[in-house]
Amino acid sequence: MTFLPEQWLPQPHGLAEKTILVTGAGDGIGKAAALTFARHGAEVLLLGRTEAKLEAVYDTIVAEGGVLPAIIPTDLAKAGHDDLIALAGELATSIPKLDGLLHNASLLGDRKPLAQASAALWHQVMQVNVNSAFMLTQALLPMLEQAPLASIVFTSSGVGRKGRAFWGGYAVSKFATEGLMQVLADELGGISNIRVNSLNPGAVNTAMRRTAYPAEPPNTNPDPDALMPHWLYLMSDDSKDINGKALSAQR
Ligand code: NDP
């Protein structure tokens, strides 16, 4: 069962006046989420490592008449604490508040037994999937605190809730993501305007899924667009009372 209320329908302008930062906004689920948020009235901050992909998303939002987005070219494998503090400082000069933060960018890493996993790739996966999410959240908390209601969504995975063979550092990073969500949600719950949840998309037809399952026909799984009501709900004020939950977009 998904968590969407049975009768819930997205309001056409349900994210109007909101500013939402999406990491990994150039492709896959992040791209679909950025476009969806813009289509519902949000100003979207597009963070990712491949500028050409972010520009394509930017162009689509502008062509569709959305609120002018911003591009934040950032390689989360390389960005350090100081870089992300500087990034947040720069954002704060032009944007008064942040209403949403979708941690979506992730690296799949090795699909091998741990006995054969590359230590270098392990570190990279942890850096992108966990460390950068912690550092970016910390840097952006002051801007999130300025919003009347703010939503942080960490992107999880089924293998971050039950370990499975050959998912290596990726699975471990998603367990850590759940931990990060829980600690932050417990710290902020009841004393702040910020809610914090994790969302497992389930199997979705993206480049990551196709890499993880090369033999699977691509149309086996839904496209990201089909699942977007879940992301919209979590960014809309309708989810204001949900905090600290490990949620799933599919059964
Ligand atoms: P994709 O690989 O299709 O997209 C991932 C995005 O993250 C890309 O835009 C990619 O940028 C970006 N990214 C990767 N590394 C970095 C980096 N170092 N710095 C900045 N951006 C980076 O993945 P999905 O859309 O499938 O996955 C989105 C989220 O959903 C991930 O957190 C994933 O773990 C999760 N998920 C996905 C599932 C699925 O079936 N698809 C299932 C369960 C969870 P670039 O385009 O430049 O490569």
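Going by the structure above, here's the rest.
Draft legend 1. Representation of the side chain of His230. By the secondary structure assignment, His230 is in helix α7 (residues 224–235). The class for His230 is buried, based on a relative accessible area of 7%. At 3.4 Å, the side chain of His230 and the side chain of Thr2 are in polar contact. A distance of 3.3 Å separates a polar side-chain atom of His230 from the backbone oxygen of Ala249. Among residues more than four places away in sequence, those in contact with His230 are Thr2, Phe3, Leu4, Ser248 and Ala249.

Draft legend 2. Unusual backbone geometry, seen in detail. Even without a glycine there, the phi angle at Glu17 is positive, about 70 degrees. With respect to the element layout, Glu17 can be found in the segment before β1 (19–23). In this structure Glu17 comes out as exposed when scored by relative accessible area, which is 72%. Residues other than glycine seldom take positive phi values, yet Phe166 does so here, at roughly 75 degrees.

Draft legend 3. Spatial organisation of the site of the ligand. What surrounds the ligand is a group of 30 residues, the closest being Thr50, Lys53, Asn104, Tyr170 and Thr206. The separation between an oxygen atom of the ligand and a polar main-chain atom of Gly24 is 3.4 Å. Note that an oxygen atom of the ligand is positioned 2.5 Å from one of the side-chain N or O atoms of Tyr170. About the coverage of the ligand: the protein hides 93% of its 890 Å² of free accessible area. Going through the elements one at a time, α1 (28–39), α5 (168–188) and α6 (207–212) are the ones with two or more residues in the shell around the ligand. Looking at which element gives the most residues to the shell around the ligand, the answer is α6, with three residues.

Parameters at a glance
- Residues numbered from 1 in each chain as written.
- Predicted model: local features only at pLDDT ≥ 70, side-chain atom pairs only at ≥ 80, totals over all residues.
- Heavy atoms only, no water.
- Helix = DSSP H or I, 4+ residues; strand = E, 2+ residues; numbered from the N terminus.
- Buried < 20%, exposed > 50% of the residue type's maximum accessible area, 1.4 Å probe, protein only.
- Polar contact = N/O pair within 3.5 Å; in protein donor to acceptor, adjacent residues only side chain to side chain.
- Contact = heavy atoms within 4.5 Å.
- Near = heavy atom within 4 Å.
- Areas by Shrake-Rupley, 256 points an atom, 1.4 Å probe, with all protein chains shown as cover.

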